[in-house]
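# Structure at a glance
One letter stands for each residue in the lines below.
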Amino acid sequence: MKRFGAISPLRRVPLSRRAPQGGGKDRGGDAVQPLPSRCSEGSPCPPLRAPLLPPPGRGAALARWGRRPPKVWGHVWRGAGQLGVSSSRRRAGSPAVLRCLPALAMAPAEILSGKIVSEQVRERLKQQVVEMKQKFPGFTPGLAILQVGNRDDSNLYIKVKLKTAAEIGISANHIKLPNTATEADVLKHIDALNGDPAVHGFIVQLPLDSDKPINTEKITNAVAPEKDVDGLSSINAGKLSRGDLGDCFIPCTPKGCMELIRQTGIQVAGKRAVVVGRSKIVGAPMHDLLLWNHATVTTCHSKTSTLAEEVGKADILVVAAGKAEMVKGEWIKPGAIVIDCGINHVPDSTKASGKRVVGDVEYSTAKEKASYITPVPGGVGPMTVAMLMQSTVESAQRFLEKFQPGKWNIQYNQLTLKVPVPSDIEISQSCIPKPIDQVAREIGLLPDEVELYGQTKAKVLLSALKRLKNQPDGKYVVVTGITPTPLGEGKSTTTVGLVQALGAHLHQNVFACVRQPSQGPTFGIKGGAAGGGYCQVIPMEEFNLHLTGDIHAITAANNLVAAAVDARIFHELTQTDQALYSRLVPSVNGVRKFSNIQIRRLQKLGINKTDPTALTKEEINLFVRLDIDPDTITWQRVLDTNDRFLRKITIGQSVTEKGFSRTAQFDITVSSEIMAVLALSDGLDDMKERLGRMVVASSKKGEPVTTDDLGVSGALAVLMKDAIKPNLMQTLEGTPVFVHAGPFANIAHGNSSVLADKIALKLVGKEGFVVTEAGFGADIGMEKFFNIKCRYSGLRPHVVVLVATIRALKMHGGGPAVTAGVPLPKEYMEENLQLLAKGCSNLNKQIQNARMFGVPVVVAVNAFKTDTKAELALVVQQAKAAGAFDAVECTHWAEGGKGALALAQAVQRASQTPSNFKFLYNVELPIIEKIRLIAQQVYGASDIELLPEAQEKVTLYTKQGFGNLPICMAKTHLSLSHDPEQKGAPTGFILPIRDIRASVGAGFLYPLVGTMSTMPGLPTRPCFYDIDLDPVSGEVTGLF
């Protein structure tokens, strides 16, 4: 009966219809006659009446014994030690005596064709890849094969794998190292593949064909377990041995063997399985795989003394011993499944090659005993490649599940609120931030997309944006404010409070994108910009000081340009054309050659020559002479420190400068055009082009002179190559923050980087939120956000959050002056509804300004402890009456995200309403008309007045081709008008335009309204009096 003990009744009747023990009825009501248990031992069976023939026409369609119709027909049941035949189909008048069924003629084993099954697997995988690409446009599963040396057999195997991958739609990459490769060389390539997000699985082709000693175990274990589609690493092997089949990769050959076994329809559970062979690649994992599929498994090998006896017990036999025809047919249990993994060559004079391929099982005799058997070749071999492809596709699917935007699994920090609220730095230092690499993993960034700067900050590579380019964007929210007091009204605090509420409390994917603060205000009077109270970016001392060095990089790049300008003027004044040419295009080893940037200058001049010896004297003159007019130089040196004594300086006082001196100045670093370029660039190429377009002066003929003309733009890109990567930090409650770029909001556009916003919008997914902040009031930062940043980025906002405070509105209502460092007058500490109501004119105007762009407005009333309920209610009522979508009281400074829950919910609702975003003006309009539109529509002016210098610049920039740039107004942030003393919402004034300057690289013109200082000074008592370092703990104190 062993023959039938291994044959699944699935080929005849579903397993669910097995007869009960001792007979009974089948599920159709047919009587079932049991056979004695001794029948299962092969002893003679007593006579049994049973049907002999199938109904007419059904024989060919019935289950087969071997390849022939059965001699008896009915419902065959197998129980424990019994076999029964249903009598329901018996033909009347045809009784017969049925002896024990094993007495029937044995048919040859059914062949398990790996070619056929692997083809089915490949077709299934091909369809899965098609569906994957449809669901995730631009995504392709990736496989890498790393080979060392040039073995013929390895080359053949790899060729088959590459061909199969291409057929399925997998992107396969073959990396071939020479046989001189060292272990370090191989490990270096493995590290690169581990970090490559386009590679979802990779294998190291074994054996390693190197003439250098290489530890194979070390190599296989260096492969990241999540990409180890060969399943050879110790981690995957360990998981398999523990039964974690859903969390590991199984070696391809055992995986293929199991697929072939499944094709028989035989249930593995409860069967006795024997594995001959114990290699790490086949034997050992095959044992574990069968065991965790609930077989009773015995592992044998060439040293097993009772090998034939053990083989004879196997219902399922897997042989991977590497010895030709070692297992004989007579050893095999009748009806067993035989999987032969061997590939051996034996002499055969009938073959042209003189040899033939055989397995580890003697096929000719084994097929007469087995119910199923794999041929060699054409059995397990094709399955191994198919399973490699299946594991690669599975790895790609796991990758998508893990890193798919919209599926964050984020850990939030719990706040311990205290009353009274401690200082900002005390709160920051009391919170233990998550490791920044954990934050990166939580939000779906890959390890190779993150560069760690210690434990709490990191840079994010732009490759993340490339990977996510086909993902939908989330909701885009900009936080702005009413016209502020010199103290600020808490936009940064509100930005952080809003994202903490959306993330930690409403469990939405949410990102804050904020500017990096300048160290000038940090050590001056305003302090830091990390937010405040229980709504901060942490660690706040890291945030407010050096961060990752972006501002220092801008300082270096800016001052390199300034040095290049003055040096070029000096050298042109002191040298002939030929001397200049010889130095600009020197002979190196007798060869003169233009650099790439010099070839661009020649092309700009209309000189289409690449041979330095071919230029005429006139062409040499044009090439070497920039002829900069010193009076037109607009490029200044910068420093990230408030220093009033650098506002006007004289340079070139040394005798070595031969009398060439001029008046110049220093600006603060964040006012540099390079900072604006960084903020508006959407990639490295774009930044490089913008840096090259920056105009530093005009020639004496009135032509613009650029950094590209100076030959310095390539060097600037090198200095800025790391600064372009957004900086990743976190809030007190553990939500992610991008801190990137910090352009001034008066002479620049005052917004964080386009790149940070774009990456964040992809990471949060379609239903997530990105909250960014625009500097100063809505008339400045928000207007520039819309007309400049959104114009260049192509992004469209969904909601405006307008921050207002009672104290600022009282100031606009006619309250006493508010001065930093001086206690607030009593009018701001006591309820005064009349003063407040009058000041709401500014709130109303700023709501109108936001709605002018077609975006819904939510007003966040940032409450202070001195505000009364009546005052807060009045502001909410006034805001709604002015057209705000909603207005809510916020207490996030004291309560963290919990205090901004109402604001977050209002933002969610507002984001669902239509946003009919539009620009205020068409850039094709004349410069004057664009300025007039901003002045009248946004500020409330009746008209503008251009002073002579400004009028000259309009003419110059129009002539130079810069007339179509957007406008970036440089005016005071303390009033809607040009006069900081005019509060509320003044109207009917004439806006004076003193001058107009061009930031051509950044991409805007900035008219100067009144006097604008680009280098702040230090007050009598700067913040640095309170800042100190504890030499024992290393903690910073006094920052705020």
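Since the model is a prediction, treat every value here as computed from it, not as a measurement. (Residues numbered from 1 in each chain as written. Predicted model: local features only at pLDDT ≥ 70, side-chain atom pairs only at ≥ 80, totals over all residues. Heavy atoms only, no water.)

## Overview of the packing of aromatic side chains
Here is the rule: Each Phe, Tyr or Trp ring (for Trp, its six-membered ring) is paired with any other whose centre lies within 6.5 Å, and the angle between the two planes then decides the class: stacked below 30 degrees, edge-to-face above 60, tilted in between. Every helix listed is a DSSP run of H or I at least four residues long, and every strand listed is a run of E at least two residues long, numbered separately from the N terminus. Relative accessibility under 20% of the residue-type maximum defines a buried residue, over 50% an exposed one, and the middle range a partly exposed one, all with a 1.4 Å probe and only protein chains included. Geometrically, a lysine NZ or arginine CZ counts as sitting over a ring once it is within 6 Å of the ring centre and also within 35 degrees of the ring normal.
As enumerated under the stated definition, the model contains 14 aromatic pairs in all. On the basis of an interplanar angle of 85 degrees and a centroid distance of 5.9 Å, the ring pair of Tyr581 and Phe623 is categorised as edge-to-face. Pair noted here: Tyr581 is in helix α19 (residues 577–584) and Phe623 is in helix α21 (residues 617–624), with a separation of 42 residues, a long-range link. Its relative accessible area of 3% is what places Phe623 among the buried residues. Within the aromatic cluster, the residues linked to one another by ring pairs are Tyr476, Phe785, Phe786, Phe853, Phe917 and Phe919. A cation over an aromatic ring shows up here: Arg398 above the ring of Phe249, its NZ or CZ 4.4 Å from the ring centre. Arg690 extends its terminal NZ or CZ atom over the ring of Tyr792, reaching a point 4.8 Å from the ring centre.

## So, the packing of helix α27 (residues 778–793) against helix α29 (residues 833–851)
This is how the line gets drawn: Note on definitions: angles span 0 to 180 degrees between N-to-C directions of axes, and those axes are lines fitted to C-alpha atoms, for helices only across the stretch in contact. Roughly parallel covers angles under 35 degrees, roughly antiparallel covers those over 145, roughly perpendicular covers 65 to 115, and oblique covers all other angles. Any two residues whose heavy atoms approach within 4.5 Å at even a single point are treated as in contact.
Two elements in contact, α27 and α29, have axes separated by 10 Å at closest approach and are oriented at 5 degrees. It follows from the interaxial angle that α27 and α29 lie roughly parallel. Within the contact between the two elements, α27 uses Ala778, Asp779 and Met782 and α29 uses Gln846, Asn849 and Ala850.

## Regarding the environment of Val670
Residue placement: Val670 occurs in the loop between β27 (666–668) and α22 (673–680). Linking Val670 and Ala745, residues 75 residues apart in sequence, is a C-alpha distance of 9.7 Å. If we ignore the near neighbours within four places in the chain, the residues touching Val670 are Ser518, Ile551, Asp640, Met675, Gly742, Pro743 and Phe744.

## Topic: unusual backbone geometry
Residue Pro207 is reached from Leu206 by a cis peptide bond, and omega for that bond is 0 degrees. Of note, Pro207 is situated in the loop between β8 (201–204) and α5 (216–222). Residue Pro420 is reached from Val419 by a cis peptide bond, and omega for that bond is 0 degrees. Position of Pro420 among the secondary structure elements: in the loop between α11 (380–403) and α12 (424–430). Backbone geometry places Glu325, a non-glycine residue, at a positive phi of 50 degrees. Here Glu325 is to be found in the loop between β11 (316–319) and β12 (337–340). Overall, Glu325 belongs to the partly exposed group, its relative accessible area being 23%.

## Concerning a nonpolar patch on the surface
Stated formally: For patch detection, residues must exceed 30% relative accessible area and be free of salt bridges, and they are connected within 9 Å for like charges or within 5 Å for nonpolar side chains (Val, Leu, Ile, Met, Phe, Trp, Tyr). Areas reported as accessible are Shrake-Rupley estimates using a 1.4 Å probe. Residue values count occlusion only from the protein chains shown. What counts as a salt bridge is simple: a side-chain nitrogen of Lys or Arg found within 4 Å of a carboxyl oxygen of Asp or Glu.
On the surface, Leu156, Tyr157 and Val160 cluster together into a nonpolar patch covering about 290 Å² of accessible area. With respect to the element layout, Val160 can be found in helix α3 (residues 152–168).

## Looking at the pattern of salt bridges
The final tally for this structure, using the stated rule, is 45 salt bridges. Lys280 is paired through a salt bridge with Glu217; the nearest N and O atoms lie 3.3 Å apart. Residue Lys280 is found in the loop between β9 (272–276) and α8 (283–291), and its partner Glu217 is found in helix α5; the two are separated by 63 residues along the sequence. For Lys280, a relative accessible area of 61% puts it in the exposed group. In this structure, Asp473 and Lys762 form a salt bridge, with 3.1 Å as the shortest nitrogen-oxygen distance.

## What about the sheet that holds strand β6 (residues 142–148)?
Keep this limit in mind: When DSSP finds two or more bridges between a pair of strands, those strands are recorded as paired.
In spatial order, the strands read β7-β6-β8; together these three strands make up an open sheet with parallel pairing. The sheet is open, and its two edges are formed by β7 (171–177) and β8, each paired on a single side. The sheet shows a mean angle of 15 degrees between the axes of neighbouring strands, taken without regard to direction. Here β6 pairs with β8 via four bridges, running parallel. The residue of β8 that forms the bridge with Ala144 is Phe202. The sheet contacts of α11 involve β6 and β8, and relative to β6 the element is tilted by about 130 degrees.

## A look at the confidence of the model for the protein chain
Keep this limit in mind: Per residue, pLDDT measures the predictor's confidence, with a range of 0 to 100.
Of the residues in the protein chain, 89% reach a pLDDT of 70 or more, and the chain-wide mean stands at 88. This stretch, residues 1–105, has a pLDDT under 50; its non-local contacts, to residues over four places away or in other chains, come to 183 contacts.

## What to know about the pairing of strand β28 (residues 695–698)
A regular strand places its side chains so that they alternate between the two faces of the sheet. Two strands pair when backbone bridges link them, and β28 and strand β29 (residues 704–706) are joined in this way by three bridges, in the antiparallel orientation. Looking at β29, one finds that Ser698 is bridged to Pro704. A loop of five residues connects β28 with β29, the two strands running antiparallel in sequence, and Gly702 in this loop sits at a positive phi of about 90 degrees.

## Topic: the packing of helix α7 (residues 252–263) against α8
We apply this condition: Crossings are assigned a handedness: left-handed for a near helix turned anticlockwise from the far helix by less than a right angle, right-handed for a clockwise turn. Gly falls in the polar group here, along with every residue not listed as nonpolar (Ala, Val, Leu, Ile, Met, Phe, Trp, Tyr, Cys, Pro) or charged (Asp, Glu, Lys, Arg).
The N-to-C vectors of α7 and α8 enclose an angle of 40 degrees; their axes lie 9 Å apart at closest approach. Taken together, the axes of α7 and α8 are oblique relative to one another. Our pair here, α7 against α8, has a crossing hand that is right-handed. Across the interface between the two elements, Pro254, Lys255, Cys257, Met258 and Ile261 from α7 touch Pro285, Met286, Leu289 and Leu290 from α8. Looking at the contact of α7 with α8 residue by residue, the class counts come to eight nonpolar, no polar and one charged.

## Quick word on α22
Quick reminder of the rule: Throughout this description, a polar contact denotes any pair of N or O atoms lying within 3.5 Å of each other; where both atoms belong to protein, one of them has to be capable of donating a hydrogen while the other can accept it, and for residues adjacent in sequence the pair is counted only when both atoms sit in side chains.
In terms of burial, α22 is largely enclosed, as eight of its eight residues are buried. Turning to α22, its buried residues number three or more, namely Glu673, Ile674, Met675, Ala676, Val677, Leu678, Ala679 and Leu680. The distance from a side-chain oxygen at the start of α22 to the backbone nitrogen of Ile674 is 3.1 Å, and the residue carrying that oxygen is Ser672.

## A short note on the layout of surface pockets
Rules: Computed over the protein atoms alone on a 1 Å grid, cavities are sets of points where a 1.4 Å probe fits but cannot get out and pockets are open sets with protein on both sides within 12 Å along at least five of seven lines; a residue lines them when it has an atom within 4 Å of a point. Grid points are joined across faces, edges and corners, and a volume is the space filled by probe spheres set on the points.
Of the volumes computed, that of the second largest pocket is approximately 1,500 Å³. As for the second largest pocket, its lining consists of 46 residues, and the residues nearest its centre are Tyr157, Thr253, Ile343, Gly381 and Thr384. Counting only elements with at least two residues in the lining of the second largest pocket, the list comes to α2 (114–135), α3, α7 and α11. Looking at the lining of the second largest pocket residue by residue, the classes come out as 24 nonpolar, 13 polar and nine charged.

## Things to note about the side chain of Asp686
Relative to the helices and strands, Asp686 resides in helix α23 (residues 684–693). From its side chain, Asp686 meets the backbone nitrogen of Asp682 in a polar contact 3.0 Å long. Residue contacts for Asp686: discarding those within four places in its chain leaves Leu680 and Ser681.

## Brief notes about the pairing of strand β33 (residues 799–804)
Of all six residues in β33, six are buried, a share of seventy percent or more. Neither face of β33 is open: one carries Val799, Val801 and Val803, the other Val800, Leu802 and Ala804, and all of them are buried. Summarising the sheet, strand β18 (residues 475–481) and β33 pair through five bridges and their orientation is parallel. Each bridged residue has a counterpart across the sheet, and for Val477 the counterpart in β33 is Val799. Where β33 meets strand β34 (residues 857–862), five bridges bridge the pair, whose relative direction is parallel.

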